[in-house]
2 protein chains.
Amino acid sequence: MTGITIKDVALLAGVSAATASRVLSGHPATSPDARTKVAAAARDLDYRPNAQARALRSTRSDSIGLLVPDVRNPFFADLAHACEQAALTSGYVTLLGNANENEHQHDRYLGTLISRRVDGIIVAPLGDGEGGIRSLIARGIPTVFVDRTIDGLDIPSVTTDSATGIRQAVSHLASLGHTRIGYLSGPLSTSTGRDRIAAFTAALAESGFEQAPELVYYGDFQAASGAAGMRALLNNEDPPTAVLAADSLMAVGAIGLLNERGLVIGRDIALVAFDDIEFFALLNPALSVVSHSAAEMGRIAVDLLLEVIAGGSPESVVLPSELVIRASSSSPIRPLPLPFARRKKN
Amino acid sequence: MTGITIKDVALLAGVSAATASRVLSGHPATSPDARTKVAAAARDLDYRPNAQARALRSTRSDSIGLLVPDVRNPFFADLAHACEQAALTSGYVTLLGNANENEHQHDRYLGTLISRRVDGIIVAPLGDGEGGIRSLIARGIPTVFVDRTIDGLDIPSVTTDSATGIRQAVSHLASLGHTRIGYLSGPLSTSTGRDRIAAFTAALAESGFEQAPELVYYGDFQAASGAAGMRALLNNEDPPTAVLAADSLMAVGAIGLLNERGLVIGRDIALVAFDDIEFFALLNPALSVVSHSAAEMGRIAVDLLLEVIAGGSPESVVLPSELVIRASSSSPIRPLPLPFARRKKN
DNA sequence: CTCATCCGTGGAATCGATTCCACGAAATCG
DNA sequence: CGATTTCGTGGAATCGATTCCACGGATGAG
């Protein structure tokens, strides 16, 4: 169909395929005459090298794989965008895959990326590292973990130091008089889920509180579980006056539920979300967040991957997180009106 | 590095590479004995076929390209997600590219996708079809346009009938007493930009209004231009009492500016956005939108592309749009307080 | 002026999988 | 029972680009 090969270019330029190849890939041993003729021929024919053939021979594909849990999560959309832009400036194309927070699909995509012989893979790992991840490592394919890690695997990673931001958030809430702080946790099967709940527990202890088990709900980082979790927290006998959500989508679910119940955020209940996304600043009241930069994470992940591809073994990077106080958590404490607090499940 | 080829499998199974290939690709002319031995060998070696080599010989790559203007736009994130899931169920991997609303990057990505010999491309085209798009078509690569089209090119597409939803929005606003309705337009270089402003103008006429040129601002579908546009509209001598934004990001920018000015949406000014995104329902007040389904658009685009790849020439599909009324546009008209209306630019 | 060096070039091998072709064995038919 | 079809198989060609190797011509040094 497409038909235009390097032989056509060589023929038109009056040289051999070998010389044409050398000119096109910038090999120094070429004459100026050959260079101009081949360049002209390639332009005239609108020649595009066949990336497959090139990759087959040179064992490079000039592409990297990026596997994220969900592109629809704005944090990962930002991350994907940043990775892609950074990779592009280094001459790599990004093959974006979507695990859909689903381990089976995650492994299937990893297999596909291996098959396509990408030069390296940036992955936010899912699960315990038994499935596709193990194949990756066994093959020695350059790999970098992003956002999440897997215990016991010595793979360079870019993650966030959740603890600092969470400690700031808890002490901020405590300073406003909140003593019963609820937590919408991510799944313990992810490192971020585990890190953040551990940081939360530690922060409570620092502020002199004990963690009440009924004020922690374990969800799955998706919006629906944020709503379910907020409902569960409100159904407590003594509900929380402030809630911290472990990611943006769970916060979105929680906000939806609070609106539905007619509870006013920032007045009836304080809310802080992990992950900053543009929309949170637009809410009324604007949402306080623990912020960390997806864009920076993406850029650094690409840098690390390029180092690994080049044969190095870079140190892992831990990025900071920081509390951004907005209106959703700046009013003084005010107990929930009883009719809402004790409402039954719907 | 990876090293495991079909020859290794063949050797372990005690057959030739040709037979191994036949077994692995499900060719009927194989003996049960060969089948079991090759299957076992492939499993034991954790063999993954080299997609490059296969694609080179068979002229199929089992991959499609998807080029969107911006993954960070939730509409396109949803679209990408839907395309990817639909493609995956048909055995195709999706290579996602990001044009960044930038024609140069758009063309560069198209070139890359052509080089990688994807089996087909789904693209939200940018520009006038002169650059990369023309290469695509000249090569006869199966192509489907999504969301946007290019005049004069006979390529199957999936688009939205913006006119219906916009007409509903205008007549809804008119019924509330609004007579000065502002419009934050997308760029006229995109088909969606042109369609929507045309629909808006026509809808105004149907409601008996004339379009005031000072109430239309031409932006670029990005958040910053939404803010700039809203600022310009408010600086009018006789500012609009209602505003329609041509996409979600421009609406986001507009909302940010209104918050900054202390104007209350739904009370001081009515706002309706084109594109529904989950977050708009969470705003206080919730945002009225002209809704159309990114997920459906993505699924249909993949269906059309598969038809084109199979040699067919499917009809283009036009999806409906529909007004969803929420609080941002349901209060009766109330003129803007003057100090806000005449404020200077900052 | 001769011999060694360097440089640009083309031929040929190569990457890994698929597929055409031909061969031998088994199965089927008259 | 001989002739023919069917079937599984291996060898070899192929896809398109890269790269090793060898060759011839030009240049430089002695």
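Note that this is a predicted model, so its numbers are computed, not measured.

Thresholds applied
- Each chain has its residues counted from 1, following the order in which its sequence is written.
- Here the convention is simple: chains get letters from A, ligands get numbers from 1, in the order in which they are written.
- Side-chain atom pairs in this predicted model are given and counted only at pLDDT of 80 or more, local residue features only at pLDDT of at least 70, and totals for whole chains, interfaces and linings cover all residues.
- Excluded from the side-chain calculation are hydrogens and water; included are all heavy atoms of the structure.
- By the criteria applied, helices consist of DSSP H or I runs no shorter than four residues and strands consist of E runs no shorter than two, each listed in order from the N terminus.
- For a compact globule the rule gives 2.2 Å times the number of residues to the power 0.38, and the radius of gyration it is set against comes from C-alpha atoms.
- Note on classification: 1.4 Å probe, protein chains only; a residue is buried when its accessible area is under 20% of the maximum for its type, exposed when over 50%, partly exposed between these limits.
- Only the protein chains shown count as cover for residues, and the accessible areas themselves come from Shrake-Rupley with a 1.4 Å probe.
- Here the positive residues are Lys and Arg and the negative ones are Asp and Glu; neither His nor the chain ends is included.
- Working definition for charges: the position is that of NZ of Lys, CZ of Arg, CG of Asp or CD of Glu.
- As used in this record, nonpolar core signifies buried Ala, Val, Leu, Ile, Met, Phe, Trp, Tyr and Cys residues forming a set joined through side-chain atoms within 4.5 Å.
- By the convention used here, residues are in contact when the closest approach between their heavy atoms is within 4.5 Å.
- Residue proximity to a molecule or strand is established when one non-hydrogen atom of the residue lies within 4 Å of it.
- Under this definition, polar contacts are N or O atom pairs within 3.5 Å; protein pairs additionally need one hydrogen-donor-capable and one acceptor-capable atom, and for neighbouring residues in sequence, both atoms have to be side-chain atoms.
- In this scheme, strands are said to pair when DSSP sees at least two bridges between them.
- Here's the idea: put two parts together, see how much 1.4 Å probe accessible area each one loses, and the total over both is what we call buried area.
- Whenever Lys or Arg places a side-chain nitrogen within 4 Å of a carboxyl oxygen from Asp or Glu, that contact is recorded as a salt bridge.
- Whenever a helix is involved, its axis is fitted only over the stretch in contact; in every case the axis is a line through C-alpha atoms, and angles between N-to-C directions fall within 0 to 180 degrees.
- Domain start and end points were adopted from an automatic or database domain assignment.
- Three classes are used: nonpolar for Ala, Val, Leu, Ile, Met, Phe, Trp, Tyr, Cys and Pro, charged for Asp, Glu, Lys and Arg, and polar for all others, with Gly counted as polar.

Let us now look at the overall build of chain A. Each helix and strand counted, chain A has 13 helices and 12 strands in total. Rg of the C-alpha trace for chain A: 26 Å, well past the compact-globule value of 20 Å for 346 residues, more than 25% over. Viewed in the frame of its principal axes, chain A has a C-alpha envelope of about 90 × 40 × 35 Å. Expressed as a percentage of the 346 residues in chain A, the buried residues total 55%. For chain A, the accessible area works out to roughly 14000 Å², and carbon and sulfur atoms hold 52% of it. For chain A, the distance from the average site of its 30 positive side-chain charges to the average site of its 36 negative ones is 6 Å.

Turning our attention to the nonpolar core. Counting residues in each nonpolar core, the largest one holds 94 residues, and the members touching the most others are A:Phe200, A:Met230, A:Phe280, B:Phe200, B:Met230 and B:Phe280. Sequence-distant contacts of B:Phe280, that is, excluding residues within four places in its chain, are made with B:Ser248, B:Ala251, B:Val252, B:Ile255, B:Ala273, B:Asp275, B:Ala286, B:Leu287, B:Val289 and B:Arg326. A:Ala86, A:Ala124, A:Val158 and A:Ala294 belong to the second largest nonpolar core, which has 54 residues in total.

Moving on, we get to the protein's contact with DNA strand D. In the neighbourhood of DNA strand D, 23 residues make up the surrounding shell, with A:Ile6, A:Tyr47, A:Arg57, B:Thr19 and B:Ser31 lying closest. Among the atoms of DNA strand D lying within 4 Å of the protein, the sugar-phosphate backbone contributes 62%. The contact in question runs from a phosphate oxygen of DNA strand D to an N or O atom on the side chain of A:Ser21, over 2.8 Å. When residues of the surface near DNA strand D are traced back to their parent elements, those giving at least two are helix H2 (17-24) and helix H4 (51-58) of chain A together with helix H2 (17-24) and helix H4 (51-58) of chain B. At four residues, the largest contribution of residues to the surface near DNA strand D is made by H4(A).

Further remarks concern the pairing of strand S1 (residues 63-68) of chain B. All names here are of chain B. When you tally the buried positions in S1, you get six out of six residues, the bulk of the element. The side-chain alternation of S1 yields two buried faces, one formed by Ser63, Gly65 and Leu67 and the other by Ile64, Leu66 and Val68. Of the strand pairs in this sheet, S1 and strand S2 (residues 93-98) are connected by six bridges, and their pairing is parallel. For Leu66, the partnering residue across the bridge sits in S2 and is Leu96.

One frequent convention defines the size of an interface as the accessible area lost when the parts assemble. Between chain B and chain A, the residue contacts involve 55 residues of the former and 56 residues of the latter. For the pair chain B and chain A, the two sides together bury roughly 5300 Å², of which 55% comes from carbon and sulfur. Our enumeration of links across chain B and chain A arrives at two salt bridges. Put simply, A:Arg139 and B:Asp46 hold a salt bridge, and the shortest N to O gap is 3.1 Å. Counting across the chain B and chain A interface gives 31 residue pairs in polar contact (both at pLDDT 80 or more). Where the side of chain B that touches chain A is concerned, the elements lending two or more residues are H4, helix H5 (74-89), S2, helix H6 (103-115) and helix H11 (248-261) of chain B.

Glancing now at the sheet that holds strand S4 (residues 143-146) of chain A. All names here are of chain A. Within the open sheet, the six strands sit side by side as S2-S1-S3-S4-S5-S11. Their pairing is parallel. Since the sheet does not close on itself, it has two edges, and those belong to strand S2 (93-98) and strand S11 (317-319), each with one partner. Strand after strand, the sheet turns through a mean of 15° between neighbouring axes, direction not considered. As paired strands, S4 and strand S5 (residues 157-160) are joined by two bridges and run parallel to one another. For Phe145, the partnering residue across the bridge sits in S5 and is Ser157.

It is worth spelling out the environment of A:Ala10 at this point. Residue and element names in this part refer to chain A. Topologically, Ala10 is positioned in helix H1 (residues 6-13). When the C-alpha positions of Ala10 and Ala245 are compared, they lie 62 Å apart, and in sequence the two are 235 residues distant. Discounting chain neighbours no more than four positions away, the residues touching Ala10 are Val15, Ser16, Ala17 and Ala20.

It is worth spelling out the pattern of salt bridges at this point. Opposite charge on two side chains permits them to pair, given that their charged atoms come into close proximity. Using the criterion set out here, one finds 27 salt bridges over all chains in the structure. Residues B:Asp62 and B:Arg60 are paired through a salt bridge, measuring 3.0 Å at the closest nitrogen-oxygen approach. Look at B:Asp62 and you get partly exposed, because its relative accessible area is 25%. Through salt bridges that share partners, A:Asp46, A:Arg48 and B:Arg139 make up one connected network.

Moving on to the domain arrangement of chain A. In terms of domain boundaries, chain A breaks down into domain 1 (6-49), domain 2 (63-159 + 294-320) and domain 3 (162-292 + 324-341). Here the C-alpha centre of domain 2 of chain A lies 36 Å away from the C-alpha centre of domain 1 of chain A.

All names here are of chain A. In this fold, Thr30 is placed in the loop between H2 and helix H3 (32-45). A distance of 3.4 Å separates a polar atom in the side chain of Thr30 from the backbone oxygen of His27. Within polar-contact distance, the side chain of Thr30 engages the side chain of Arg35 at 2.8 Å. Contact partners of Thr30, with chain neighbours within four places excluded, come to Arg22, Val23 and Arg35.

Now for the protein's contact with DNA strand C. Within the structure, DNA strand C sits among 23 residues, and A:Thr19, A:Ser31, B:Ile6, B:Tyr47 and B:Arg57 are positioned closest to it. For DNA strand C, the fraction of protein-proximal atoms (within 4 Å) that sit in sugar or phosphate groups is 63%. B:Ile6 has a polar backbone atom sitting 2.3 Å from a phosphate oxygen of DNA strand C. Between a phosphate oxygen of DNA strand C and a main-chain N or O atom of B:Asn50, the distance comes to 3.2 Å. At the level of secondary structure, the elements contributing two or more residues to the surface near DNA strand C comprise H2 and H4 of chain A together with H2 and H4 of chain B. The element that contributes the greatest number of residues to the surface near DNA strand C is H4(B), accounting for four residues. Of the residues assigned to the surface near DNA strand C, the class counts are 11 nonpolar, seven polar and five charged.

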